[in-house]
There are 2 protein chains.
Amino acid sequence: MEPKKKGNLGAFFEARNVAVIGSFREEWMGGYGVTKNLLNFGFSGKTYPINPSYSEVLGMTVYPTVNDVADPIDLAIVITPAEVVPTVIEQCAQKGIKAAIIVSDGFAEANKEGAKLQQEVVDIAYAAGMRLIGPNTIGIVNTATGLVTTPYFTGYNRIQRGAIAYASQTGIVGAQALPLEDCAYPISRLCDFGNKCDINEIDFLEYLEVDPETKVVAIHLEDIKDGQQFMDVARRLVTHKPVLVLKPGRTEASIKAVASHTGSMAGPDQIYESAFKQAGIFRLNTWQEFLDIPRVFASQPPPPGNRVAVVTVSGAAGIMAIDAAVENGLTIAQLSSSTTDRLARLSPRLASNPIDAGQAAPSARNMTTMLELIIATVLADDGVDCAIIILWATVASEVRATAEVFNRLRQQASKPMTIWIYGPKLSAKEDLSRELESLGFPTYLNLETAAKALGIAASYAEVRLRLDHRTA
Amino acid sequence: MEPKKKGNLGAFFEARNVAVIGSFREEWMGGYGVTKNLLNFGFSGKTYPINPSYSEVLGMTVYPTVNDVADPIDLAIVITPAEVVPTVIEQCAQKGIKAAIIVSDGFAEANKEGAKLQQEVVDIAYAAGMRLIGPNTIGIVNTATGLVTTPYFTGYNRIQRGAIAYASQTGIVGAQALPLEDCAYPISRLCDFGNKCDINEIDFLEYLEVDPETKVVAIHLEDIKDGQQFMDVARRLVTHKPVLVLKPGRTEASIKAVASHTGSMAGPDQIYESAFKQAGIFRLNTWQEFLDIPRVFASQPPPPGNRVAVVTVSGAAGIMAIDAAVENGLTIAQLSSSTTDRLARLSPRLASNPIDAGQAAPSARNMTTMLELIIATVLADDGVDCAIIILWATVASEVRATAEVFNRLRQQASKPMTIWIYGPKLSAKEDLSRELESLGFPTYLNLETAAKALGIAASYAEVRLRLDHRTA
């Protein structure tokens, strides 16, 4: 294909006139699904359904081919049987379309015939200067314009607009697989590279260099197309946005499995590990971390350093937090004597870090007010850069009061907090979590992830500081 | 105190006549809370509320002191202000009570005066041959008799009777902190040692040697009273029940925090690490593992070996599972040619491990039936010892069908499975999880924990095999 230009993905993400080429059988996960999702998600551009056998779908005119549309088309979303795709792409080329997402599967990921078919499609696109995402992909999401290209019905109605760009080479990054809506994940752009016949992770990073909405980048990768180029662009991007990578293939067995899943060899893990480190990329180890850790960058201020305070309603959890904090590169903040004095005035048993607010419960008239005072006091200490907060969610009535505390804290606090909630009721935990998330406080399923998120945030803040010094 | 006898805890767990000594102010988390919990939880023994200022509570007679009760008392639950406890224990001694749980706090964990008070109580009990749990504890739960000793109102109504014994030295192991009811955790015994002025983890392990209901033991410990004795009894217990330990204090900072939380020094971590290994104890690293991993022993058969198959609806998740499996001591099963033939008849793209059932989706008339066939085929392979199953929970209607599949699989399967569920809707995930849990299939919040649980199960099965060989 042609040499990569910065912002190849712009034509996809910023598309205004979009053709959907596929079946419009009602409630079918084909062109119908894509079109319905565009409607539900409130796409601000124009949608042109394409199929010779239909005349209308969801109140829209269906055109026989893209060449029957008078307006120019920015992007084609193709979801036809694989064997038809070359013809469809040929028609798109004739129409002068410069970007196509091939959602259909049955290509290189399936078998040798599929690989041949894929090459045929690539050749047609290349000749016409058309860029491709896929095949075998759910495509992209742009929350700024309501653009969505997947036929899956679930999860695509209310993705929250925000600062996190997610990408993967499989559909597991999509809203049909992730609780994006339920957890109010703040998404800017979402991209599934699929078989990566053209557009890949390098284009994604290049696009994000110039995308103003994205503050943090999280990519799940099974293989990397061009390691050198990937590291080069990542190194550039890291100077102004953190890049988090989840890359399985840590064991020989999984490298073999990747080869059979993607058709390409991943290479030994140590190479990636050290390349990521050199490029300033943060590596995540689990799917849960991939979901949870980017959030700390989406809404929390960067920590001025790595000294953490732990404010907890359970002494035992406080100790676990200390282990997790140290193991994730944080140091345990030494509270100043004026802070310990103030805390001791609240309760004589509060004066060391972790600050066990549970100890103050017997002397507290109102535990929520007490907690607010403790957190505010601790964050005001110059020796404290960030805090892990451990909350106990019990009943619905306390959710409201706790959310109010954090709403007030948000207005003063210039240091980041991550939150772990435990308790007997899943629903109370989720309610409190949702309330705090909507205020911009990241809450975590695991205490260890809450610590790791702050550890990475502190580490990235340090990288930025070093770079700023260098440029200064 | 007197030398430990096997089964010291029997007097506590098997108590029939129980005195609750505390305040009976309505809806108060004191004696009232304990008594109400005993009622709600359906305690099969007799409850005797004790307080000189009340005459009736919850329809029961309140006695001024334990000595006003005519019947013998097996167990006293004490939840009075700390300074009154010596007098109360003195009265219990006069009554001939041999076991008391001191729920009250304000003892050694609080300050020097508290420590002195605690010693006073211990001396009284010692002289009378009375054993103590606590102080500063939520006490115990016995699901077989409905015995519960905590004043917390939340979470204690419907703890499911089962095979897991949990213990800790803090209240965080209780039903007010853990979603025991929501997650249908199958509990046999639960114990919070509190300040461990007498009864401690060694008594717990000794009691579980002879407790027929408990199949797996999970203990959270911040310090260990007598390392040598603990390892000795653990080594014995491990020959017939797996012992899982969560012991924070992996870093210097947390060892210091433990000292201030429990008043005792934990000692460097390496000593514990190697002692646990030698004793055949499995060490857990996170609170989530502490909750999730014991379940694999509660209801699943032991794996005949460590060869794992991964059946997944997402190829990407399958690869992550392979990494997690290998990193937790499992090996990836090589499917027999007859298995791969059978799978290939279902779909040509199913023939390698991880088995990506999602690849078969296009050719499946009914995905649930397809999944059932795949899992049954894979588990029937002599080269497969256990399986990680990855499910996608979308909508409520599929929950029912999936649960039916697993109900049928349960009837044939003699090999363990652990399950990871992903999907866009938290509620659908939880519904499916609950259904599968109630069938005895452990489901996990994290894929890595699902793999680790099987890894530990395989490792324990090997230990047992070695021991059986030795005795044979």
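Above this text you will find the structure in question.
Heads up: these notes are all about the structure in this document.

Definitions and limits used
- Residues numbered from 1 in each chain as written.
- Chains lettered and ligands numbered in written order.
- Predicted model: local features only at pLDDT ≥ 70, side-chain atom pairs only at ≥ 80, totals over all residues.
- Heavy atoms only, no water.
- Contact = heavy atoms within 4.5 Å.
- Salt bridge = Lys/Arg side-chain N within 4 Å of Asp/Glu carboxyl O.
- Helix = DSSP H or I, 4+ residues; strand = E, 2+ residues; numbered from the N terminus.
- Buried < 20%, exposed > 50% of the residue type's maximum accessible area, 1.4 Å probe, protein only.
- Axes fitted to C-alpha atoms, helices over the stretch in contact; angles between N-to-C directions.
- Nonpolar A, V, L, I, M, F, W, Y, C, P; charged D, E, K, R; others polar.
- 1 Å grid on protein atoms, 1.4 Å probe; cavity = no way out; pocket = protein on both sides within 12 Å on 5 of 7 lines; lining within 4 Å.
- Points joined across faces, edges and corners; volume = space filled by probe spheres on them.
- Least-squares fit on C-alpha atoms with pLDDT ≥ 70 in both.
- Polar contact = N/O pair within 3.5 Å; in protein donor to acceptor, adjacent residues only side chain to side chain.
- Core = buried A, V, L, I, M, F, W, Y, C linked by side-chain atoms within 4.5 Å.
- Pairing = 2+ DSSP bridges.
- Parallel < 35°, antiparallel > 145°, perpendicular 65-115°, else oblique.
- Left-handed = near helix turned anticlockwise from the far one by under 90°.

## With respect to the interface of chain A and chain B
With 59 residues of chain A at the interface, the matching set in chain B holds 59 residues. Between the two partners, chain A and chain B, sit eight salt bridges. The residue K425 of chain A makes a salt bridge to D182 of chain B at a minimum N-O spacing of 3.6 Å. Sorting the residues of the side of chain A that touches chain B by element identifies α7 (252-262), α9 (287-292), α11 (315-327), β19 (417-422) and α15 (426-438) of chain A as the ones contributing at least two each.

## Digging into unusual backbone geometry
For the bond running from N353 of chain A to P354 of chain A, omega is 10°, close enough to zero to count as cis. As for its placement among the helices and strands, P354 of chain A is situated in the loop between α12 (337-346) and β17 (355-356). With a phi close to 60°, E27 of chain B is a non-glycine residue in the positive phi region. Looking at E27 of chain B, the relative accessible area reads 45%, which means it is partly exposed.

## Re the packing of helix α6 (residues 227-238) of chain B against helix α8 (residues 269-279) of chain B
All names here are of chain B. Contact pair α6 / α8: the axes reach a minimum separation of 9 Å and the direction vectors enclose 35°. Only A275, F276, Q278 and A279 of α8 make contact with α6, whose side of the interface consists of F230, M231, R235 and V238. A class-by-class count of the residues in the contact of α6 with α8 yields six nonpolar, one polar and one charged.

## A few points about empty space enclosed by the protein
A full pass over the atoms with the stated rule returns four cavities of 30 Å³ or more. In this model, the largest cavity occupies a volume close to 980 Å³. Taken together, 47 residues make up the lining of the largest cavity; nearest its centre are E430 and L445 of chain A together with L426, E430 and L445 of chain B. Secondary structure elements with two or more residues in the lining of the largest cavity: α9, β19, α15 and β20 (443-444) of chain A together with α9 (287-292), β19 (417-422), α15 (426-438) and β20 (443-444) of chain B.

## Thoughts on the pattern of salt bridges
This structure, assessed with the given rule, holds 46 salt bridges over all chains. A salt bridge links R349 of chain B to E109 of chain A; its shortest N-O distance comes to 3.9 Å. Here R349 of chain B is found in the loop between α12 (337-346) and β17 (355-356), whereas its partner E109 of chain A is found in the loop between β6 (99-102) and α4 (112-128) on a different chain. Here the salt bridges share partners, and the residues they tie into one network are R158, E181 and D182 of chain A together with K425 of chain B.

## Section: the relation of the copies chain A and chain B
It takes a turn of 180° to lay chain A on chain B, together with a shift of 0.0 Å along the axis; the resulting RMSD is 0.1 Å. Taken together, these values place the two copies in the relation of a two-fold axis. Among all residues of chain A, the one whose C-alpha sits closest to the rotation axis is L445 of chain A, at a distance of 4.2 Å. In this assembly the copies share their binding face: 98% of the residues contributing to the interface of chain A also contribute to that of chain B.

## Quick word on the side chain of D203 of chain A
Residues and elements named next belong to chain A. Turning to its location among the elements, D203 is positioned in helix α5 (residues 201-210). According to the relative accessible area criterion, D203 is buried, its value standing at 0%. Polar side-chain contacts of D203 include one of 2.8 Å to the side chain of N8. At a separation of 2.8 Å, a polar atom in the side chain of D203 contacts the main-chain amide nitrogen of N200.

## Topic: the nonpolar core
Grouped together as the largest cluster of nonpolar side chains are 222 residues, with contacts concentrated most on Y166, F204 and F230 of chain A together with Y166, F204 and F230 of chain B. Ignoring anything within four residues of it in the chain, the contact list for Y166 of chain B reads V173, Y185, I187, R189, L190, C191, F204, A218, F290, L291 and P294 of chain B.

## As for helix α2 (residues 31-40) of chain B
Residue and element names in this part refer to chain B. Across the 10 residues of α2, seven count as buried, placing the element largely inside the fold. Residues of α2 that are buried: G31, Y32, G33, V34, T35, N37 and L38. Elements in contact with the buried residues of α2: β1 (17-22), β2 (46-50), β3 (56-57), β4 (60-61), β5 (75-79) and β9 (147-148). Positive backbone phi, at 75°, marks G42, one or two positions downstream of α2.

## Here's the deal with the sheet that holds strand β6 (residues 99-102) of chain B
Residues and elements named next belong to chain B. Taken in spatial order, the five strands make up an open sheet running β2-β1-β5-β6-β7, and their pairing is parallel. Bordering the open sheet on either side are β2 and β7 (131-133), each of which pairs with just one other strand. If you compare each strand with its neighbour and ignore which way they point, the axes differ by 20° on average. Sheet strands touched by helix α3 (residues 85-95): β1, β5, β6 and β7. Its angle to β5, the strand with the most contacts, is close to 165°.

## Here's the deal with the sheet that holds strand β14 (residues 282-284) of chain A
Residues and elements named next belong to chain A. As summarised here, the arrangement of the seven strands in space is β9-β8-β11-β10-β12-β13-β14, forming an open sheet in which the pairing is mixed. Both edges of this open sheet fall to β9 (147-148) and β14, since each of them pairs with a single strand only. When strand β8 (residues 140-142) meets β9, the two strands line up antiparallel, connected through two bridges. In the sheet register, N142 faces β9, and the bridge partner there is L147. Those strands touched by α5 are β10 (160-168), β11 (186-192) and β12 (216-220), and its axis lies near 170° from that of β12.

## Examining the packing of helix α14 (residues 396-412) of chain B against α15 of chain B
Residue and element names in this part refer to chain B. Where α14 meets α15, the axes come as close as 10 Å, and the angle between the chain directions of the two elements is 25°. Accordingly, the angle class assigned to the pair α14 and α15 is roughly parallel. With respect to the hand of their crossing, α14 and α15 are arranged in right-handed fashion. Of the residues in α15, those in contact with V399, R400, T402, A403 and F406 of α14 are A428, D431, L432, E435 and L436. Its residues assigned to classes, the contact of α14 with α15 comprises six nonpolar, one polar and three charged.

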